[in-house]
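Structure assessment
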Amino acid sequence: MRHNWCFGVLGVAVAVSGCDVNRDGVDFGYLERFRPGLGGGRGATTVIVDPASVSGQAAAPVLAASLEGRGTSNVFALSATNGNVQSWVTNDNVAIFTEDGLVVGTAGLTYDLYTAQAPTPADWGPVPLPASGDRIHRRIGGDDKIIIDSFSCEYQDAGRVDLDTPTGVVSARVVIEACGNTERSFENAYFLDRSDQVLATRQWLGPGIGFVSMQFIGN
Amino acid sequence: MIATADPEAILRFDLERPVLSTYAMPGYIDMPSAEMQPDGHLTFSAFYRQDSWRGSVNFQATKRLSGTFRYAYLDEPLNAVGSNFYDRSFSVAYRFIDEGVWRPAVAVGILDLVGTGVYGAEYVVASKTLPNKLSFSIGMGWGRFGSYNGFTNPLGIFGSRWDTRPGERESNDTGTFTTAEWFRGDAAIFGGLSYKPSDRLTLTAEYSSDAYDRERRLGEFDRRASINFGLNYRAGLGTDIGVYYLYGSALSAVLHLSINPNQPLFQGGREGAPPPVVVREEPPPIIDPGFGPGEWTPTEPATASLTSQVASALASQGIELVSLEVGNDLARMRLRNQTYDSEAQAVGRAARVVSGIFPPEIEYFEFVPMDLGIPLATITVSRSDLESLEFDPDRSWKSYVRAEIGDAAALDPISVIVPGIYPEASAGIKPFVSTAFFDPDNPLRIDVGLDLDLSYSPLPGLIFSSKYRQRLAGNRSEATRESDSTLPPVRSDITFYDQDGSSFLAHLTTEYFWRPGTNLYGRGTVGYLERMYAGLSSEVLWKPVTGPLALGAEINYVRQRDFNGRFGFLDYEVATGHASVYYEIGGGFEGQIDAGRYLAGDWGGTFTLRRRFASGWQVGAFFTLTDVPFSEFGEGAFDKGLFFEAPISWLSGQPSRQDFAALIKPLSRDGGARLFVRNRLYEVTRDYHDPELQERWPRYWR
């Protein structure tokens, strides 16, 4: 996939100043829900998906996901891989497509994300943050035309948390992707391991779906 | 995962609509505004005031143009033929100036285009939105809207004929265009003001220039004031409730139900995810598609095995494989889509599901959609494109431009049909609702019951079928109004059919469909064609897969069936037929002209304009002018009507090829009456051609 995005001056500024990312205009309020792992004392862990919901699944690659707005959770099995994109499917035929942890599409969810185009964690994970980029969402309207929503995004480090996983607690680096346009803004969060692989994430998939929280297990 | 309606979309749908008047047009109470509903909006309205009600359908045909059909009851003395007073009218409004920062929107409207003139009124109105959730309008009206505090028509500067308005129309004049009345006679000023204290509540007040002369004269209405007050509550899901205090003397209420064909409840559908594309590890080098010698030469057992696998895989997606031919690098699959309202979606699903079956040397999939036994197009997709574009952000348009869409007439005849496809037999029972509108004795008559459908197709294109309609309940047979037509009673005898054959053989036919040549389609039908006629019908259609123009010709020789709906006949027989031109105008609009001889032997033409929405909805209107004079035609002057078609998938969000259709004709007379024949070729073919394919191509990946 091609991405027209760039690391902007923000990256340089932070690299030079080493300043607290909270001072750079990104609202980390969302992270408070991951209490108290973020910035909290040792022993406190962050839970993205209840480990009990995926017990016994740790051996196979699965994706545990919950749709916050709908109050539903499900476990997705890896069904196919095409290039860097993985297809995850539930028993009731709902699919989420991810590229390096970035959700690039959904199917069977209603108001699906037709495609998402944005820098992936593989793009911004290894480089100094902050950085900026563009995110483009496409969805199908009622007239079967493609509706395009584009956003400007900033990527910033938000420290580390202890992430609760089915295989134990792991230390995860948190990156916030703060996106907005003239109509709305949202913040996505990525929890990365030491090799910048996404362990868990929370992403906004569009006005009809809202936020999905996901944890990759057994990858 | 539970799917729920998108709350943002629903809220937007509810808030972006203007308030409608009691005439179901954007406005205040009786008076109009220059606002317009969002493009494509369709609103069904019911208005009630003591001793009077109106039912209306408003359609926003374009961003600037709206039309309204209205059926009203007024409690007045019985007319000359002893009926209560029911009135049909048709309105149009056109906004010719959009609202700007300082500039108001300006619209012109005609309230009774072809009706009796009871609601005859014309207006020009300017509307402006103000800060603090206020908006106001001021306008000038003629006719009813120029009847209170009127003044000399300013259009009189163009001649004295504008100064006077013709009086009430004779009943023989009804149904013709009321052009002689438009913008004539006294004019008057009206105005309206609205305030929205919340997103859902609108308070309105208006100064009405309608004197209610006719109602006052008949003692039906007491007009004590010129200021009306109203409250409109937006209850959600397209529902508006309005209550009004009218003219200092009456309370009234209105209910509006709005939908938009472009805004289904479940946008994008809620079907399950499609199967993933199975990517080949090492695609072979691409060579020209064909069946000649190549890298992979299919053997008979290999093809048989593939056929079985492909048929099974397609069946899992609700698609039927009719035949499979495999060449060196191309697999041709004739398909019957029994599930998806979008052909693009059916093809996309088929491509995905067979991607894991064929050997890697097969680079091209050629899909041939079949309907009624004939091939309707060829859609060839590259397997490499399928693999590389599956997650491409621009996969929709890229895959469309790379697909080759062509005519299927030149294909070799099917050599081997998949076992079990033919002969094909089916039987089914389903409920029906049959309505008859606008009988002055009872404006809405309904029969309900069961349809028994039988069909048998021994080979592609040849279909024996029948439908028996068993009425279980209803009141259509209670109609007693007999035809006063001076023409052969080719349609007006429907009363006798309802009385003597309320359960009847709806059709019993043999149909044959074939492809006479490139871009040509043929149909022959013989038997009991419809409830009232039996005979022969043949049709040929020229329709390229791409391109806006199609031409058709149909010839029929029919005899009128007995009233009892069985196998007997009446004495009347006629040769009838039409030459047809179909043209895709663009923007979803489609024009159709049918010229020829009608059932009563009259000659003329039918003009149809429809708007098709990608969602499958269509809304249209037609009128027929023949050599039957208006005076001989009878009430209504000429045949005309509106029609709607709504796909079930629009409501359910699930793929479906079922739809609901309704035809609204103010009157069913004998002039300009056409034979009903099932499976006319244009409607059969167009779903498989552009622009339909192109418009719905995003669903190729769904």
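Sequence order as written defines the numbering, with residues in each chain counted from 1. Following the order in which they are written, the chains are lettered starting with A and the ligands numbered starting with 1. Local features in a predicted model are, by the rule used here, given only for residues with pLDDT of at least 70; side-chain atom pairs are given and counted only at 80 or more, and totals for whole chains, interfaces and linings are based on all residues.

Considering the overall build of chain B
Note the cut-off: Strands are runs of DSSP state E lasting at least two residues, helices are runs of H or I lasting at least four, and both sets are numbered from the N terminus onward. We compute the radius of gyration over the C-alpha atoms and compare it with the globule rule, which gives 2.2 Å times the number of residues raised to the power 0.38. To assign burial, the other C-beta atoms lying within 10 Å of each residue's own C-beta are counted, with C-beta atoms placed from the backbone; 20 or more indicates buried, 12 or fewer indicates exposed, and intermediate counts indicate partly exposed. Two residues qualify as being in contact provided that their C-beta atoms, derived from the backbone, are within 7 Å of each other.
The helix and strand inventory of chain B stands at eleven helices and 31 strands. The C-alpha radius of gyration computed for chain B amounts to 29 Å, which stays within 12% of the reference 27 Å derived for 702 residues, consistent with globular compactness. For chain B, the C-alpha atoms occupy an extent of roughly 90 × 65 × 50 Å along the three principal directions. Each of the 702 residues in chain B was classed as buried or not, and the buried ones make up 44%. Residue pairs in contact within chain B that sit at least 24 positions apart in sequence constitute 58% of those at least 6 positions apart.

Some words on the overall build of chain A
The helix and strand tally for chain A stands at two helices and twelve strands. Counting from the amino terminus, chain A carries its helices and strands in the arrangement α-β-β-β-β-β-β-α-β-β-β-β-β-β. Expressed as a percentage of the 219 residues in chain A, the buried residues total 47%. Relative to all contacts within chain A whose residues are 6 or more apart in sequence, the contacts with residues 24 or more apart total 48%.

Digging into the interface of chain A and chain B
Applicable threshold: Throughout, the ten residues Ala, Val, Leu, Ile, Met, Phe, Trp, Tyr, Cys and Pro are labelled nonpolar, Asp, Glu, Lys and Arg are labelled charged, and all others, Gly among them, are labelled polar.
Counting residues at the interface gives 35 residues for chain A, matched by 35 residues for chain B. The dominant element in the side of chain A that touches chain B, judged by the number of residues it contributes, is strand E2 (residues 72–82) of chain A, at five residues. In terms of residue class, the side of chain A that touches chain B is made up of 15 nonpolar, 14 polar and six charged.

Observations concerning the pairing of strand E6 (residues 121–130) of chain B
All names here are of chain B. Keep this limit in mind: Strands pair, by our definition, only if DSSP identifies at least two bridges between them.
Direction of pairing for strand E5 (residues 105–110) relative to E6: antiparallel, over a ladder of six bridges. Paired with Ala 107 across the bridge in E6 is Val 125. Strand direction decides the pairing type here: E6 and strand E7 (residues 134–143), joined by ten bridges, are antiparallel. Within E7, the position partnered with Val 124 by the bridge is Met 140.

Here's the deal with the pairing of strand E1 (residues 42–49) of chain B
Residues and elements named next belong to chain B. Across the two faces of E1 the burial differs, with Thr 43, Ser 45, Phe 47 and Arg 49 buried and Leu 42, Phe 44, Ala 46 and Tyr 48 not buried at all. By the bridge criterion, eight bridges tie E1 to strand E2 (residues 52–60) in an arrangement that is antiparallel. By the bridge assignment for E2, Phe 44 is matched with Val 57. Hairpin geometry of E1 and E2 is characterised by an intervening segment of two residues between the two adjacent antiparallel strands and by a positive phi of about 70° at Asp 51. Taken together, the eight bridges between E1 and strand E12 (residues 250–259) define a ladder with antiparallel strand orientation.

Quick notes on the sheet that holds strand E8 (residues 146–165) of chain A
Remark on secondary structure: sheet strands pair via backbone hydrogen bonds, oriented parallel or antiparallel. All names here are of chain A. Using the following cut-off: Interaxial angle, 0 to 180 degrees, is taken between N-to-C directions of lines fitted to C-alpha atoms, where a helix line uses only the stretch in contact.
Spatially, twelve strands are ordered E5-E4-E3-E2-E1-E12-E11-E10-E9-E8-E7-E6 in an open sheet, and the strand pairing comes out antiparallel. Each of the sheet's edge strands pairs with one partner strand only, and the pair in question is strand E5 (102–107) and strand E6 (115–117). Here the strands of the sheet are splayed against their neighbours by 25° on average, with no regard to which way each runs. Sheet topology note: the strand E3 (residues 85–89)/strand E4 (residues 95–99) ladder contains five bridges and is antiparallel. Of the residues in E4, the one forming a bridge with Ser 87 is Phe 97.

Observations regarding unusual backbone geometry
Following Leu 129 of chain A, the chain continues into Pro 130 of chain A via a peptide bond in cis, with omega recorded as 10°. The topology assignment puts Pro 130 of chain A in the loop between helix H2 (121–124) and strand E7 (131–140). The omega torsion across Tyr 422 of chain B and Pro 423 of chain B is -5°, close enough to zero to call that bond cis. Structurally, Pro 423 of chain B can be placed in the loop between strand E18 (404–406) and strand E19 (424–439).

Description of the packing of helix H3 (residues 300–315) of chain B against helix H4 (residues 343–354) of chain B
Relative placement of two packed helices is described by the angle separating their axes and the distance separating the axes. Residues and elements named next belong to chain B. Convention followed: Each angle receives one of four descriptions, namely roughly parallel if under 35 degrees, roughly antiparallel if over 145, roughly perpendicular if within 65 to 115, and oblique otherwise. A crossing counts as left-handed when the near helix is turned anticlockwise from the far one by less than a right angle, and as right-handed when that turn is clockwise.
Where H3 contacts H4, the two axes come as close as 9 Å, and the packing angle between them is 130°. Of the possible angle classes, the one that applies to H3 and H4 is oblique. Between H3 and H4 the crossing geometry is right-handed. Touching Val 310, Ala 313 and Leu 314 of H3 are Ala 350, Val 353 and Val 354, all from H4. Grouping the constituent residues of the contact of H3 with H4 by class yields six nonpolar, no polar and no charged.

Re the confidence of the model for chain A
All names here are of chain A. Defined as follows: The predictor reports its confidence for every residue as pLDDT, a score running from 0 up to 100.
Averaged over all residues, the pLDDT of chain A equals 78, while 73% of them reach at least 70. Element-level mean pLDDT values for chain A span from 29 in helix H1 (residues 9–17) up to 97 in E4. Long-range and interchain partners of residues 1–43, a stretch whose pLDDT sits below 50, account for 64 contacts in this model, where long-range means more than four residues apart.

Remarks on the sheet that holds strand E11 (residues 239–246) of chain B
Residue and element names in this part refer to chain B. Here twelve strands make up a closed barrel; going around it, the order is E1-E2-E3-E4-E5-E6-E7-E8-E9-E10-E11-E12 and the pairing antiparallel. Ignoring which end each strand starts from, the neighbouring axes of this sheet average 20° apart. Here seven bridges tie strand E10 (residues 227–236) to E11, and the two strands are oriented antiparallel to one another. The partner of Gly 236 across the bridge, within E11, is Thr 239.

Notes on helix H6 (residues 395–402) of chain B
For clarity, the threshold we go by: What the arc covers is the set of directions going from the helix axis to the C-beta atoms.
Every buried residue of H6 of chain B is listed here: Arg 395, Ser 396 and Ser 399 of chain B. Along H6 of chain B, the residues classed as buried sweep out an arc of 100° about the axis, all on the same side. Close packing links the buried residues of H6 of chain B with E6 and E8 of chain A together with helix H5 (383–389) of chain B.

Some thoughts on the environment of Glu 16 of chain B
Residue and element names in this part refer to chain B. Looking at where Glu 16 falls in the secondary structure, it is placed in the loop between helix H1 (7–15) and E1. Its 11 C-beta neighbours within 10 Å are what place Glu 16 among the exposed residues. For the pair Glu 16 and Lys 430, spaced 414 residues apart in the sequence, the C-alpha separation amounts to 39 Å.

Things to note about the nonpolar core
One broad rule of soluble globular proteins: the nonpolar side chains tend to lie buried together. Quick note on the threshold: Working definition: the nonpolar core is a set of buried Ala, Val, Leu, Ile, Met, Phe, Trp, Tyr and Cys residues, joined through C-beta atoms within 7 Å.
In this structure, Leu 63, Val 103 and Phe 191 of chain A are the most contacted members of the largest nonpolar core, which totals 54 residues. Ignoring any residue separated from it by four or fewer positions in sequence, one finds Val 103 of chain A in contact with Ile 96, Phe 97, Thr 98, Leu 113, Ala 116, Gln 203, Leu 205 and Val 212 of chain A. One finds Leu 335, Ala 344, Leu 372 and Ile 374 of chain B within the second-largest nonpolar core, a separate group that totals 53 residues.

Observations concerning the confidence of the model for chain B
When pLDDT is averaged along chain B, the result is 90, and 94% of the positions lie at 70 or above. If you check the scores for this complex, the pTM reads 0.88 and the ipTM reads 0.85.

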